[in-house]
Amino acid sequence: MAASPHTLSSRLLTGCVWYLERRAMRDSPHKFMHLFRNVNKQWITFQHFTFLKRMYVTQLNRSLNQQVKPKPEPVASPFLEKTSSGQAKAEIYEMKPFSPSSLSLSGKPNEEEVIELESASIIEASVDVGKEIKDEKQWKEMKLRADDLPGILARLSKIKLTALVVSTTSAGFALAPGPFDWFCFLLTSVGTGLASCAANSINQFFEVPFDSNMNRTKNRPLVRGQISPLLAVSFATCCAVPGVALLTWGVNPLTGALGVLNIFLYTCCYTPLKRISIANTWVGAVVGAIPPVMGWTAATGSLDAGAFLLGGILYSWQFPHFNALSWGLREDYSRGGYCMMSVTHPALCRRVALRHCLALIGLCTAAPLLDVTTWTFPAISLPINLYISYLGFRFYADADRKSSRKLFFCSLWHLPLLLLLMLTCKQPPGGEGDKGEPQS
């Protein structure tokens, strides 16, 4: 059978390449360069040789195609099981063996040709493995282990925020007039902590689709799928019911009612308002102001002027604290779809923070007037109040991340120090009554 023109031309070009390569290997480098200068005059370049060499490898040896091990069939679950990186790398080298009859048309294959084939196949395998690694970054079902459950539940209940709530409740209990009842104090702290854990868990349950868009909250347990929504709601219920029961029947009904009101405001008012109006900041400040009032009512059983004073201090403190924090998270809040002052009303955000920094000075001055502390308290608390007011003014004037960060970190130590100063300057028992008694 006569050979086709395409086959004749391919063999002719292959022979030319083979002749030039053999001659280049024998000759010196000087003669090698002289050879290619002569060939270049005949309109044949080094790129032509490379092309012809690739044609020789791929066209005449089509059976030398290495294949990667096929991917396993997807499981029924929409989530992907995690595979180790070692298995992914090992798949690159799990290839079908060569067919001895297809290595060459005659004789042994050229080593350079085999190396080029191996390089091309490994590149193709790397692309496939890259796709598998990309798929691994998708959401996966995470298995819950018993030893991980306490840490997950701690993050679900925002344990640091809960500790702050309990500490302010304890300060309200300690500042209240009358004898200190340790058993009532313990019941109040445990009940308030359980109510706070329930409110925080329900808050995260409602905000899963929005937290997933924010860098600050994308690693929360419900967003990552570490626990199921049913478990989160069950945990919140198991915290809310005994917490409210302890506050109502273990302390007094007024404190229990304040605990129920706080859970309702946080979960049913503050949480949905975050995506509707900037009024959520004021509602959230009320939520933060109720715990010290609960401590006061737990000790006294009534709402006195001192309870409202403590609530007012916590109410005003939260505006420089939260407004400074939200200023550095404006991009996150925008992605999450939250309506915050720092995003929609940045000038108002800074003004409100400065106003309430100055309001702390007035509230501390009113403490001795309401017989909560002695007159020493306004004097010794003035330096730290002036400092946070100065940082509030810098935040109002500069409107940058540096000033907001300084104000936020100042608020972290300002509140504990202020409450400690109030405790050291607490009005002694019977101090109010001694003023009204006539001298004997």
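To keep things clear, this report deals only with the structure shown in the data block. (Residues numbered from 1 in each chain as written. Predicted model: local features only at pLDDT ≥ 70, side-chain atom pairs only at ≥ 80, totals over all residues. Heavy atoms only, no water.)

### Comments concerning helix α19 (residues 401-424)
Step number 1: The end-to-end C-alpha separation of α19 is 35 Å, in line with the 34 Å expected for 24 residues at 1.5 Å each.
Step number 2: Largest kink in α19: about 25°, centred on serine 411.
Step number 3: Along α19, the residues that are buried comprise Ser403, Ser404, Leu407, Phe408, Cys410, Ser411, His414, Leu415, Leu418, Leu419, Leu421 and Met422.
Step number 4: Packing partners of the buried residues in α19 comprise α7 (159-175), α14 (305-327), α17 (346-369) and α18 (376-398). (Helix = DSSP H or I, 4+ residues; strand = E, 2+ residues; numbered from the N terminus. Expected span 1.5 Å × (residues − 1). Bend = angle between axes of the 7 residues up to and from the residue. Buried < 20%, exposed > 50% of the residue type's maximum accessible area, 1.4 Å probe, protein only. Contact = heavy atoms within 4.5 Å.)

### Brief notes about the packing of α14 against α19
Step number 1: At their nearest, the axes of α14 and α19 sit 7 Å apart, and the two run at 160° to each other. Overall, the two elements α14 and α19 adopt an arrangement that is roughly antiparallel. The way α14 lies across α19 gives a crossing that is left-handed. Between α14 and α19, the contacting residues are Leu310, Ile313, Leu314, Trp317, Pro320, His321, Ala324, Leu325 and Trp327 on the first element and Arg401, Ser404, Leu407, Phe408, Ser411, Leu412, His414, Leu415, Leu418 and Met422 on the second.
Step number 2: Along the lines of polarity and charge, the residues of the contact of α14 with α19 split into 14 nonpolar, four polar and one charged. (Axes fitted to C-alpha atoms, helices over the stretch in contact; angles between N-to-C directions. Parallel < 35°, antiparallel > 145°, perpendicular 65-115°, else oblique. Left-handed = near helix turned anticlockwise from the far one by under 90°. Nonpolar A, V, L, I, M, F, W, Y, C, P; charged D, E, K, R; others polar.)

### Let's talk about the pattern of salt bridges
Step number 1: Here the structure, examined in full by the defined rule, presents five salt bridges.
Step number 2: Aspartate 332 is the salt-bridge partner of arginine 335, the closest N and O atoms lying 2.4 Å from each other. Residue arginine 335 and its partner aspartate 332 are located together in helix α15 (residues 330-336), separated by three residues, close to a single helical turn.
Step number 3: Exposure remark for arginine 335: the relative accessible area of 42% places this residue in the partly exposed category. (Salt bridge = Lys/Arg side-chain N within 4 Å of Asp/Glu carboxyl O.)

### Considering the packing of aromatic side chains
One pair of aromatic rings is described through two measures. These are the centre distance and the angle between the planes.
Step number 1: Tallying each qualifying case throughout the model produces 14 aromatic pairs.
Step number 2: Aromatic side chains phenylalanine 180 and tryptophan 182 sit 4.7 Å apart centroid to centroid with 70° between the ring planes, which places their arrangement in the edge-to-face category.
Step number 3: In this structure phenylalanine 180 comes out as partly exposed when scored by relative accessible area, which is 36%.
Step number 4: With a centroid separation of 5.4 Å and an interplanar angle of 65°, the aromatic rings of phenylalanine 408 and phenylalanine 409 are classed as edge-to-face.
Step number 5: A relative accessible area of 17% places phenylalanine 408 in the buried class.
Step number 6: Among the residues examined, phenylalanine 409 registers a relative accessible area of 47% and is labelled partly exposed.
Step number 7: The lysine or arginine in question, lysine 274, covers the ring of tyrosine 338, its NZ or CZ lying 4.6 Å from the ring centre.
Step number 8: Sitting over the face of the ring of tryptophan 327, arginine 330 holds its NZ or CZ atom 4.0 Å from the ring centroid. (Phe/Tyr/Trp six-rings, centres within 6.5 Å; stacked < 30°, edge-to-face > 60°. Lys NZ or Arg CZ within 6 Å of the ring centre and 35° of its normal.)

### A word on a nonpolar patch on the surface
Step number 1: On the surface, a cluster of nonpolar side chains totalling about 570 Å² of accessible area is made up of Tyr387, Tyr390, Trp413, Leu417, Leu420 and Leu423.
Step number 2: Of all the elements in the fold, those that place two or more residues in the nonpolar patch are α18 and α19.
Step number 3: Per-element accounting of the nonpolar patch gives the leading share, four residues, to α19.
Step number 4: The topology assignment puts leucine 417 in helix α19. (Patch = residues over 30% accessible without salt bridge, like charges linked within 9 Å, V, L, I, M, F, W, Y side chains within 5 Å. Areas by Shrake-Rupley, 256 points an atom, 1.4 Å probe, with all protein chains shown as cover.)

### A closer look at unusual backbone geometry
When glycine is set aside, most residues are seen to have a negative phi, and most peptide bonds are trans.
Step number 1: In the Ramachandran plot, aspartate 371 falls in the positive-phi region, its phi being about 60° despite a non-glycine side chain.
Step number 2: Turning to its location among the elements, aspartate 371 is positioned in the loop between α17 and α18.
Step number 3: With phi around 55°, alanine 399 is a residue other than glycine that occupies positive phi space.
Step number 4: Structurally, alanine 399 is set in the loop between α18 and α19.

### Re the nonpolar core
Step number 1: Leu156, Trp296, Tyr333, Phe377 and Met422 are the most contacted members of the largest nonpolar core, which has 60 residues in total.
Step number 2: A total of eight residues in this core trace back to one element, the largest contributor, which is helix α13 (residues 280-300).
Step number 3: Apart from the residues lying within four places of it in its own chain, the contact partners of methionine 422 are Leu175, Leu310, Ile313, Val372, Thr373 and Phe377.
Step number 4: Ile278, Met341, Leu391 and Phe408 belong to the second largest nonpolar core, which has 18 residues in total. (Core = buried A, V, L, I, M, F, W, Y, C linked by side-chain atoms within 4.5 Å.)

### Some words on α13
Step number 1: Given a rise of 1.5 Å per residue, 21 residues ought to cover 30 Å, and the 31 Å separating the end C-alpha atoms of α13 matches this to within 8%.
Step number 2: When the local axis directions of α13 are compared, the greatest deviation, roughly 25°, occurs at proline 291.
Step number 3: One or two positions beyond α13, positive phi appears at glycine 301, with a value near 80°.

### Observations concerning the environment of glycine 328
Step number 1: As for its placement among the helices and strands, glycine 328 is situated in the loop between α14 and α15.
Step number 2: A relative accessible area of 28% means that glycine 328 is categorised as partly exposed.
Step number 3: Remark: the alpha-carbon pair of glycine 328 and arginine 401, spanning 73 residues in sequence, is separated by 5.9 Å.

### Some remarks on the packing of α14 against α17
Step number 1: Between α14 and α17, whose axes approach to 8 Å, the crossing angle comes to 150°. Our classification of the angle between α14 and α17 gives roughly antiparallel. With respect to the hand of their crossing, α14 and α17 are arranged in left-handed fashion. Contact with α14, carried on its side by Leu309, Gly312, Ile313, Tyr315, Ser316, Trp317, Phe319, Pro320, Asn323, Ser326 and Trp327, involves Pro346, Cys349, Arg350, Val352, Ala353, His356, Cys357, Ala359, Leu360, Leu363, Ala366 and Ala367 of α17 and no other residues of that element.
Step number 2: A per-class count over the contact of α14 with α17 returns 17 nonpolar, five polar and one charged.

### Topic: the side chain of serine 389
Step number 1: Tracing the backbone through its elements, the reader meets serine 389 in helix α18.
Step number 2: Within the structure, the side chain of serine 389 is placed 2.7 Å from the backbone oxygen of asparagine 385, a separation counted as a polar contact.
Step number 3: Ignoring sequence-local partners within four residues, the contact set of serine 389 consists of Leu354, Cys357, Leu358 and Ile361. (Polar contact = N/O pair within 3.5 Å; in protein donor to acceptor, adjacent residues only side chain to side chain.)

### Topic: the environment of valine 190
Step number 1: Within the fold, valine 190 resides in helix α8 (residues 182-206).
Step number 2: On the accessibility criterion, valine 190 (38% relative accessible area) is partly exposed.
Step number 3: For the pair valine 190 and leucine 247, spaced 57 residues apart in sequence, the C-alpha separation works out to 8.7 Å.

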